[in-house]
Amino acid sequence: PHCCSRRTPHSSGNAASGAPMGRLRYHCLSGLLLLLALAAKAEEATAVPPCDKNDHDKKEDKFTHFTEIFYTVIFIILVWISGKIAAAAGAPSLVGEILVGVILGPHVVDFVPFPSALKSIGEVGLCLHALEAGLMVDVEMLEIVGARGLAVGFVGSAAPLGLGLLVALAWGAKLTPAFVVGACTATMSTGIALNVLKAGSVINQPIGQLIIAAASVNELVNITLLTCVDNMMRRAKPMAYALPLGSMILLVLIVGWAAVKIVPRWLEKHILPRVPQHHRPNAVLLCLFSAAIILIPVCKYSGSSELLGAFLAGLCFCSDHVVHATWDRQVKRVYAWLMRLFFAATIGFEIPIEHMNTQSLTKACILCTVSI
């Protein structure tokens, strides 16, 4: 009987290690219950007394709310279908998504309720795109390709910028709107470049690695151009151009150094050993989003773009392989749906199709075709 009731060192170790986890669960549950109680109390304090309405008004409000939700669901499904049809036809899926956004948006049919909310959700997808672009940076490959990667990245931004500028000037636009058009055509998606290189089986070849390195440089150039465009639209003073560029260069140098020297060592020695093996992917993903929450407002309030903060947050963890696998498994699908809303709502809703005529559209198509 005594030997049966005796605890082994292993069992006592499990009990000792399980006790802090039990207390942690207890404190988390207590905090959750406290938050729920505070939320219920706040809702009770701020509740609006019911109005005197008849049954007809109540039914009308109920069905109005249902109609808004139902139309939004239909719009999202149509965006997905249009993207698949465009991809099946050999065109990028974003062409179909933008087309549905233009037709069903506020400038044509005005089918979609709450367009501003959908545009804001699309902006979240753009931030996730910048975050993924930072994750895809290969610091070791940038060191190998060196000046060639920098040159290809800058030329890859300057060439479409100049061609877009010339096309807009030939269309009759002034210099500032023409520069904005050129900046919009200078974009290059690292994610799309990766997919194309994987499909062509050249991602591990020297030319493929050079293109990926150039795409990473191009992302930084695009963020700089977006900051300049924002300042031009606000007619900012020259200092408003110099401060964001200086802060951007400083932040890129600091975060790039941290991504190589500090973050990998910090994760391996201080964070991951304290986390159980099956929770480590979520812990690294939490660190990634925490860095984004810090860097996005820092870059925005320093005069740069919030996209730079998202890019730098991804750059911090670009050398960690765990976060790449976790991103593909947990975030990739959500990111894909948010990007569909970005193309359909954030871009498609802003195209003033009613102000365009056949002549202007034909001229624009001809000029863009010649520049390409």
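Residues numbered from 1 in each chain as written. Predicted model: local features only at pLDDT ≥ 70, side-chain atom pairs only at ≥ 80, totals over all residues. Heavy atoms only, no water.

## What about helix 15 (residues 321-347)?
For clarity, the threshold we go by: Elements are defined by DSSP. Helices are runs of H or I of four residues or more, strands are runs of E of two residues or more, and each kind is numbered from the N terminus. The span one expects for a helix is its residue count, reduced by one, times 1.5 Å. What we call the bend at a residue is the angle made by axes fitted to the seven residues finishing there and the seven residues starting there.
Here helix 15 spans only 33 Å end to end across 27 residues, well under the 39 Å set by a 1.5 Å rise per residue. Of all the bends found along helix 15, the most pronounced is centred on Val 331 and spans about 55 degrees.

## Some words on unusual backbone geometry
The test is simple: Relative accessible area decides the class of each residue, using a 1.4 Å probe on protein chains only: under 20% of the type maximum gives buried, over 50% gives exposed, and in between gives partly exposed.
You will see that Asp 110, though not glycine, has its phi angle at about 55 degrees, which is positive. For Asp 110, the location among the structural elements is in the loop between helix 4 (93-104) and helix 5 (115-135). With a relative accessible area of 48%, Asp 110 lands in the partly exposed category.

## Section: the packing of aromatic side chains
Each pair of aromatic rings is reported with the distance of its centres and the angle of its planes. Rules: Between rings of Phe, Tyr and Trp, where Trp is taken as its six-membered ring, a pair exists when centres lie within 6.5 Å; planes separated by under 30 degrees are stacked, by over 60 edge-to-face, and by other angles tilted. For a lysine, the NZ atom is tested; for an arginine, the CZ atom; a charge sits over a ring if that atom is within 6 Å of the ring centre and within 35 degrees of the ring normal.
Evaluated as defined, the whole model comprises four aromatic pairs. When the ring of Phe 66 is compared with that of Phe 70, the centres are 5.6 Å apart and the planes differ by 10 degrees; the resulting orientation is stacked. Within this pair, Phe 66 and its partner Phe 70 are both found in helix 3 (residues 55-88), separated by four residues, close to a single helical turn. Over the face of the ring belonging to Trp 337 we find Arg 340, whose NZ or CZ atom lies 4.6 Å from the ring centre.

## Side note on helix 4
Given a rise of 1.5 Å per residue, 12 residues ought to cover 16 Å, and the 17 Å separating the end C-alpha atoms of helix 4 matches this to within 8%. When we look at burial in helix 4, the residues that qualify are Gly 96, Glu 97, Ile 98, Val 100, Gly 101, Val 102 and Leu 104.

## Structural notes on the packing of helix 5 against helix 14 (residues 306-316)
Formally: Fitting a line to C-alpha atoms yields each axis, with helices limited to the stretch in contact; the angle taken between N-to-C directions then spans 0 to 180 degrees. Here a crossing is called left-handed whenever its near helix is offset anticlockwise from the far helix by less than a right angle, and right-handed whenever the offset is clockwise. We call two residues in contact when some of their heavy atoms are within 4.5 Å. Throughout, the ten residues Ala, Val, Leu, Ile, Met, Phe, Trp, Tyr, Cys and Pro are labelled nonpolar, Asp, Glu, Lys and Arg are labelled charged, and all others, Gly among them, are labelled polar.
Interhelical geometry of helix 5 versus helix 14 gives an angle of 35 degrees and a closest axis separation of 6 Å. Between helix 5 and helix 14 lies a crossing whose hand is right-handed. Between helix 5 and helix 14, the residues in contact are Leu 126, Cys 127, Ala 130, Leu 131, Ala 133, Gly 134 and Leu 135 and Glu 306, Leu 307, Ala 310, Phe 311, Ala 313, Gly 314 and Leu 315, respectively. Per-class residue counts for the contact of helix 5 with helix 14 are 11 nonpolar, two polar and one charged.

## Observations concerning the confidence of the model for the chain
Caution applies to low-pLDDT parts of the model: their predicted coordinates are not meant to be read in detail. Convention followed: One number per residue, pLDDT, summarises how confident the predictor is, and it ranges from 0 to 100.
Per-residue pLDDT for the chain averages 75, and the proportion of residues at 70 or more is 73%. Mean pLDDT across the elements of the chain ranges from a minimum in helix 1 (residues 2-5), with 42, to a maximum in helix 4, with 91. Predicted confidence for residues 1-18 stays below pLDDT 50, and this span has zero contacts to residues more than four positions away or in other chains.

## Here's the deal with the pattern of salt bridges
To be explicit about the condition: For this analysis, a salt bridge means a side-chain nitrogen from Lys or Arg found within 4 Å of a carboxyl oxygen belonging to Asp or Glu.
Counting across every chain of the model gives four salt bridges. Linking Glu 350 and Lys 119 is a salt bridge whose minimum nitrogen-to-oxygen distance equals 2.5 Å. Taken as a pair, Glu 350 in the loop between helix 15 and helix 16 (358-371) and Lys 119 in helix 5 lie far apart in primary sequence, 231 residues in all. Look at Glu 350 and you get partly exposed, because its relative accessible area is 46%. By relative accessible area, Lys 119 is classed as partly exposed at 24%.

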